[in-house]
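Chain residues, written in single-letter form:
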Amino acid sequence: MTKPSPNSFEKEIKNSSRILKEKIGEFTPKVAIIFGSGLSNFSDEIDQSQTIQYSELDGFPEPVVGGHRGELVFGSVGTTPVVILRGRSHFYEHGEAHNMRVPVGVLKQIGCELLLLTNAAGSMDPDSSPGSLMLLEDTINMTGVSPLFGVVGDQRFVNMTNALDPEINLLIESEASKADIPLRRGVYAWMTGPQFETPAEIRMLMTLGANCVGMSTVPEIILARYFGLKVVALSIVTNQAAGLSDESLSHTHTFEQAALAGPRMTKLLKNFLKNY
Ligand code: HPA
(Lines give C-alpha, C1' and ligand atoms only; values in the text may rest on other atoms or scores of the structure.)
Protein backbone atom coordinates (compact mmCIF):
# COMPACT_ATOMS: atom_id res chain seq x y z
CA MET A 1 0.00 0.00 0.00
CA THR A 2 1.35 3.44 -0.86
CA LYS A 3 1.75 5.82 2.05
CA PRO A 4 -0.30 9.02 1.63
CA SER A 5 2.00 11.98 0.97
CA PRO A 6 1.96 14.50 3.80
CA ASN A 7 -0.21 17.56 3.21
CA SER A 8 2.32 19.96 1.75
CA PHE A 9 0.43 23.02 3.01
CA GLU A 10 1.30 22.00 6.58
CA LYS A 11 4.92 22.96 5.96
CA GLU A 12 3.89 26.38 4.65
CA ILE A 13 1.65 26.89 7.67
CA LYS A 14 4.56 26.02 9.96
CA ASN A 15 6.96 28.36 8.16
CA SER A 16 4.56 31.29 8.03
CA SER A 17 3.51 30.84 11.67
CA ARG A 18 7.16 30.85 12.73
CA ILE A 19 7.88 34.03 10.74
CA LEU A 20 4.80 35.74 12.21
CA LYS A 21 5.53 34.66 15.78
CA GLU A 22 9.06 36.07 15.49
CA LYS A 23 7.50 39.41 14.53
CA ILE A 24 4.55 39.59 16.92
CA GLY A 25 6.24 38.06 19.97
CA GLU A 26 3.81 37.47 22.84
CA PHE A 27 0.86 39.08 21.05
CA THR A 28 -1.87 36.45 20.61
CA PRO A 29 -4.83 37.55 18.50
CA LYS A 30 -8.13 36.14 19.74
CA VAL A 31 -10.20 37.04 16.70
CA ALA A 32 -9.16 37.09 13.03
CA ILE A 33 -11.19 39.08 10.53
CA ILE A 34 -11.22 38.68 6.76
CA PHE A 35 -12.86 41.57 4.97
CA GLY A 36 -14.71 41.53 1.70
CA SER A 37 -14.97 44.12 -1.06
CA GLY A 38 -14.72 47.70 0.07
CA LEU A 39 -14.52 46.90 3.79
CA SER A 40 -10.84 46.63 4.55
CA ASN A 41 -10.69 50.19 5.95
CA PHE A 42 -11.83 48.76 9.26
CA SER A 43 -8.16 48.34 10.11
CA ASP A 44 -7.97 52.15 10.43
CA GLU A 45 -10.41 51.81 13.35
CA ILE A 46 -8.29 49.56 15.53
CA ASP A 47 -5.32 50.34 17.76
CA GLN A 48 -2.72 48.99 15.41
CA SER A 49 0.46 47.44 16.61
CA GLN A 50 2.01 45.89 13.50
CA THR A 51 1.44 45.29 9.79
CA ILE A 52 2.98 42.36 7.92
CA GLN A 53 2.76 41.87 4.16
CA TYR A 54 1.52 38.56 2.72
CA SER A 55 4.60 38.67 0.49
CA GLU A 56 6.82 38.19 3.57
CA LEU A 57 5.13 34.85 4.24
CA ASP A 58 4.99 31.41 2.71
CA GLY A 59 1.80 30.18 0.99
CA PHE A 60 -0.20 33.41 1.23
CA PRO A 61 -2.09 34.50 -1.90
CA GLU A 62 -1.34 37.52 -4.02
CA PRO A 63 -4.68 39.32 -4.01
CA VAL A 64 -5.50 40.86 -7.34
CA VAL A 65 -9.04 42.17 -6.88
CA GLY A 66 -9.16 45.94 -6.44
CA GLY A 67 -9.63 47.02 -2.81
CA HIS A 68 -7.88 43.96 -1.41
CA ARG A 69 -4.33 44.65 -0.29
CA GLY A 70 -2.54 41.60 0.96
CA GLU A 71 -1.41 42.30 4.50
CA LEU A 72 -2.04 41.27 8.08
CA VAL A 73 -2.78 44.05 10.55
CA PHE A 74 -2.34 43.19 14.23
CA GLY A 75 -3.95 45.36 16.89
CA SER A 76 -6.70 45.66 19.48
CA VAL A 77 -10.33 46.66 19.70
CA GLY A 78 -10.82 47.66 23.33
CA THR A 79 -8.87 44.95 25.11
CA THR A 80 -9.55 42.27 22.50
CA PRO A 81 -6.45 41.38 20.46
CA VAL A 82 -7.30 40.94 16.79
CA VAL A 83 -5.65 40.36 13.44
CA ILE A 84 -7.16 41.65 10.23
CA LEU A 85 -6.42 39.98 6.92
CA ARG A 86 -6.66 42.64 4.25
CA GLY A 87 -7.00 40.71 1.06
CA ARG A 88 -8.52 37.34 0.29
CA SER A 89 -8.22 35.17 -2.74
CA HIS A 90 -11.37 34.12 -4.58
CA PHE A 91 -12.07 30.95 -6.49
CA TYR A 92 -12.77 32.94 -9.66
CA GLU A 93 -9.23 34.38 -9.77
CA HIS A 94 -7.48 31.10 -10.61
CA GLY A 95 -10.18 28.44 -10.46
CA GLU A 96 -8.69 27.17 -7.18
CA ALA A 97 -10.71 26.98 -3.98
CA HIS A 98 -7.78 26.29 -1.65
CA ASN A 99 -5.92 29.62 -1.86
CA MET A 100 -6.86 30.63 1.69
CA ARG A 101 -5.85 27.26 3.16
CA VAL A 102 -2.47 28.40 4.47
CA PRO A 103 -3.71 31.77 5.85
CA VAL A 104 -6.56 30.11 7.77
CA GLY A 105 -4.25 27.37 9.07
CA VAL A 106 -1.78 30.02 10.22
CA LEU A 107 -4.52 31.86 12.13
CA LYS A 108 -5.12 28.73 14.20
CA GLN A 109 -1.38 28.27 14.76
CA ILE A 110 -0.86 31.80 16.07
CA GLY A 111 -3.62 31.36 18.63
CA CYS A 112 -6.81 32.75 17.08
CA GLU A 113 -10.07 31.30 18.44
CA LEU A 114 -12.58 32.86 16.10
CA LEU A 115 -12.59 33.75 12.42
CA LEU A 116 -15.00 36.53 11.48
CA LEU A 117 -15.72 36.84 7.77
CA THR A 118 -17.40 39.66 5.92
CA ASN A 119 -18.49 39.88 2.32
CA ALA A 120 -20.62 41.79 -0.14
CA ALA A 121 -23.69 39.91 -1.28
CA GLY A 122 -26.77 40.18 -3.43
CA SER A 123 -30.04 39.75 -1.56
CA MET A 124 -32.98 37.52 -2.43
CA ASP A 125 -34.83 38.66 0.67
CA PRO A 126 -37.20 41.55 -0.10
CA ASP A 127 -36.75 42.86 3.46
CA SER A 128 -32.97 43.07 3.13
CA SER A 129 -32.34 46.02 0.88
CA PRO A 130 -28.99 47.42 -0.31
CA GLY A 131 -27.02 48.80 2.60
CA SER A 132 -28.43 46.36 5.14
CA LEU A 133 -26.51 43.64 6.98
CA MET A 134 -27.17 39.91 7.05
CA LEU A 135 -25.85 37.41 9.58
CA LEU A 136 -25.17 34.05 7.97
CA GLU A 137 -26.60 31.02 9.70
CA ASP A 138 -25.91 28.48 6.97
CA THR A 139 -24.51 28.19 3.45
CA ILE A 140 -25.12 26.39 0.17
CA ASN A 141 -22.08 25.50 -1.89
CA MET A 142 -23.16 25.81 -5.54
CA THR A 143 -19.66 25.59 -7.00
CA GLY A 144 -18.98 21.86 -6.99
CA VAL A 145 -15.56 22.42 -5.42
CA SER A 146 -14.02 22.35 -1.95
CA PRO A 147 -10.89 23.95 -0.48
CA LEU A 148 -10.20 20.50 0.97
CA PHE A 149 -9.87 18.72 -2.39
CA GLY A 150 -6.57 16.81 -2.27
CA VAL A 151 -6.19 17.01 1.52
CA VAL A 152 -5.22 13.68 3.07
CA GLY A 153 -6.54 12.36 6.38
CA ASP A 154 -9.85 11.79 8.16
CA GLN A 155 -9.95 15.37 9.42
CA ARG A 156 -11.03 16.38 5.89
CA PHE A 157 -14.52 15.01 6.53
CA VAL A 158 -15.57 18.22 8.19
CA ASN A 159 -18.91 18.45 9.99
CA MET A 160 -20.75 21.40 8.46
CA THR A 161 -23.78 21.31 10.78
CA ASN A 162 -23.78 24.50 12.87
CA ALA A 163 -20.54 25.49 11.13
CA LEU A 164 -21.45 29.14 11.70
CA ASP A 165 -21.25 29.32 15.48
CA PRO A 166 -24.81 29.53 16.88
CA GLU A 167 -23.74 30.99 20.25
CA ILE A 168 -21.57 33.70 18.75
CA ASN A 169 -24.34 34.54 16.29
CA LEU A 170 -26.56 35.25 19.29
CA LEU A 171 -23.89 37.58 20.72
CA ILE A 172 -23.67 39.45 17.42
CA GLU A 173 -27.45 39.78 17.28
CA SER A 174 -27.52 41.10 20.79
CA GLU A 175 -24.89 43.76 19.94
CA ALA A 176 -26.85 44.72 16.81
CA SER A 177 -30.02 45.12 18.78
CA LYS A 178 -28.29 47.22 21.50
CA ALA A 179 -26.95 49.55 18.79
CA ASP A 180 -30.26 49.64 16.91
CA ILE A 181 -28.71 48.09 13.80
CA PRO A 182 -31.19 45.99 11.82
CA LEU A 183 -29.71 42.53 11.25
CA ARG A 184 -31.51 39.71 9.50
CA ARG A 185 -30.35 36.11 9.35
CA GLY A 186 -29.86 34.31 6.10
CA VAL A 187 -28.49 31.39 4.12
CA TYR A 188 -25.65 32.35 1.74
CA ALA A 189 -25.23 30.64 -1.61
CA TRP A 190 -21.65 30.47 -2.90
CA MET A 191 -21.40 30.87 -6.68
CA THR A 192 -18.10 30.73 -8.55
CA GLY A 193 -18.37 34.13 -10.26
CA PRO A 194 -16.82 36.24 -11.60
CA GLN A 195 -19.93 36.85 -13.67
CA PHE A 196 -23.00 37.85 -11.70
CA GLU A 197 -25.86 35.37 -11.68
CA THR A 198 -28.58 35.22 -14.27
CA PRO A 199 -32.14 35.95 -13.14
CA ALA A 200 -32.94 32.26 -13.75
CA GLU A 201 -30.09 31.22 -11.45
CA ILE A 202 -31.40 33.56 -8.78
CA ARG A 203 -34.89 32.03 -9.06
CA MET A 204 -33.22 28.61 -8.65
CA LEU A 205 -31.30 29.76 -5.55
CA MET A 206 -34.50 31.15 -4.02
CA THR A 207 -36.20 27.80 -4.58
CA LEU A 208 -33.28 26.11 -2.84
CA GLY A 209 -33.70 28.27 0.25
CA ALA A 210 -30.90 30.81 -0.14
CA ASN A 211 -31.41 34.37 1.09
CA CYS A 212 -28.28 35.95 -0.33
CA VAL A 213 -25.59 35.16 -2.88
CA GLY A 214 -21.91 35.88 -3.31
CA MET A 215 -18.55 34.69 -4.61
CA SER A 216 -16.56 34.12 -1.41
CA THR A 217 -16.69 33.13 2.27
CA VAL A 218 -17.75 29.47 2.00
CA PRO A 219 -14.18 28.19 1.39
CA GLU A 220 -12.97 30.04 4.48
CA ILE A 221 -15.86 28.66 6.57
CA ILE A 222 -14.94 25.11 5.51
CA LEU A 223 -11.24 25.78 6.20
CA ALA A 224 -11.97 27.31 9.61
CA ARG A 225 -13.88 24.20 10.66
CA TYR A 226 -11.12 21.98 9.24
CA PHE A 227 -8.48 23.72 11.32
CA GLY A 228 -10.69 23.92 14.44
CA LEU A 229 -11.50 27.63 14.49
CA LYS A 230 -14.92 28.96 15.40
CA VAL A 231 -16.37 30.97 12.55
CA VAL A 232 -19.09 33.58 11.91
CA ALA A 233 -19.90 35.59 8.79
CA LEU A 234 -21.67 38.85 8.01
CA SER A 235 -22.82 40.07 4.60
CA ILE A 236 -23.29 43.60 3.46
CA VAL A 237 -26.18 43.57 1.04
CA THR A 238 -24.99 45.67 -1.88
CA ASN A 239 -27.86 44.92 -4.28
CA GLN A 240 -31.01 42.95 -4.84
CA ALA A 241 -29.90 39.82 -6.72
CA ALA A 242 -30.15 39.66 -10.51
CA GLY A 243 -33.63 40.08 -11.91
CA LEU A 244 -35.14 41.30 -8.63
CA SER A 245 -34.67 45.01 -9.28
CA ASP A 246 -33.91 47.38 -12.14
CA GLU A 247 -30.43 48.30 -10.94
CA SER A 248 -27.54 47.25 -13.12
CA LEU A 249 -25.00 45.00 -11.36
CA SER A 250 -21.29 45.82 -11.54
CA HIS A 251 -18.19 45.62 -9.37
CA THR A 252 -18.18 49.42 -9.05
CA HIS A 253 -21.75 49.33 -7.79
CA THR A 254 -20.80 46.66 -5.24
CA PHE A 255 -17.95 48.84 -3.95
CA GLU A 256 -20.09 51.96 -3.71
CA GLN A 257 -22.86 50.20 -1.82
CA ALA A 258 -20.44 48.38 0.50
CA ALA A 259 -18.85 51.72 1.38
CA LEU A 260 -22.28 53.19 2.21
CA ALA A 261 -23.03 50.39 4.68
CA GLY A 262 -19.46 50.43 5.99
CA PRO A 263 -20.09 52.66 9.05
CA ARG A 264 -22.93 50.40 10.26
CA MET A 265 -20.78 47.30 9.84
CA THR A 266 -17.88 49.04 11.57
CA LYS A 267 -20.03 49.98 14.55
CA LEU A 268 -21.41 46.47 14.91
CA LEU A 269 -17.97 44.85 14.63
CA LYS A 270 -16.40 47.27 17.09
CA ASN A 271 -19.10 46.69 19.69
CA PHE A 272 -18.97 42.93 19.23
CA LEU A 273 -15.17 42.72 19.33
CA LYS A 274 -14.86 45.00 22.38
CA ASN A 275 -17.16 42.73 24.35
CA TYR A 276 -15.96 39.37 23.03
N1 HPA B 1 -24.00 38.18 -6.74
C2 HPA B 1 -22.79 37.67 -6.44
N3 HPA B 1 -21.89 38.31 -5.71
C4 HPA B 1 -22.21 39.52 -5.26
C5 HPA B 1 -23.44 40.12 -5.54
C6 HPA B 1 -24.39 39.41 -6.32
O7 HPA B 1 -25.50 39.87 -6.61
N8 HPA B 1 -23.43 41.34 -4.95
C9 HPA B 1 -22.23 41.47 -4.33
N10 HPA B 1 -21.49 40.38 -4.51
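Residues numbered from 1 in each chain as written. Predicted model: local features only at pLDDT ≥ 70, side-chain atom pairs only at ≥ 80, totals over all residues. Heavy atoms only, no water.

(A) Layout of the side chain of Asn239. Along the chain, Asn239 falls in strand β9 (residues 230–240). Using a relative accessible area of 4% as the deciding quantity, one classes Asn239 as buried. Here the side chain of Asn239 touches Thr238 through a polar contact of 2.7 Å, side chain to side chain. Contact partners of Asn239, with chain neighbours within four places excluded, come to Ala121, Gly122, Ser123, Pro130, Glu247, Leu249 and His253. (Helix = DSSP H or I, 4+ residues; strand = E, 2+ residues; numbered from the N terminus. Buried < 20%, exposed > 50% of the residue type's maximum accessible area, 1.4 Å probe, protein only. Polar contact = N/O pair within 3.5 Å; in protein donor to acceptor, adjacent residues only side chain to side chain. Contact = heavy atoms within 4.5 Å.)

(B) Representation of the site of the ligand. Around the ligand, the neighbouring residues are Ala120, Ala121, Gly122, Phe196, Glu197, Val213, Gly214, Met215, Thr238, Asn239 and Thr254. In the environment of the ligand, a nitrogen atom lies 3.4 Å from a nitrogen or oxygen atom belonging to the side chain of Thr238. Interatomic distance of 2.7 Å between a side-chain N/O atom of Asn239 and a nitrogen atom of the ligand. Burial of the ligand by the surrounding chains reaches 96%, relative to a free accessible area of 260 Å². Breaking the shell around the ligand down by element, the ones donating at least two residues are β5 (114–123), β8 (212–214) and β9. Top contributing element to the shell around the ligand by residue count: β5, with 3 residues. Among the residues forming the shell around the ligand, the class breakdown is 5 nonpolar, 5 polar and 1 charged. (Near = heavy atom within 4 Å. Areas by Shrake-Rupley, 256 points an atom, 1.4 Å probe, with all protein chains shown as cover. Nonpolar A, V, L, I, M, F, W, Y, C, P; charged D, E, K, R; others polar.)

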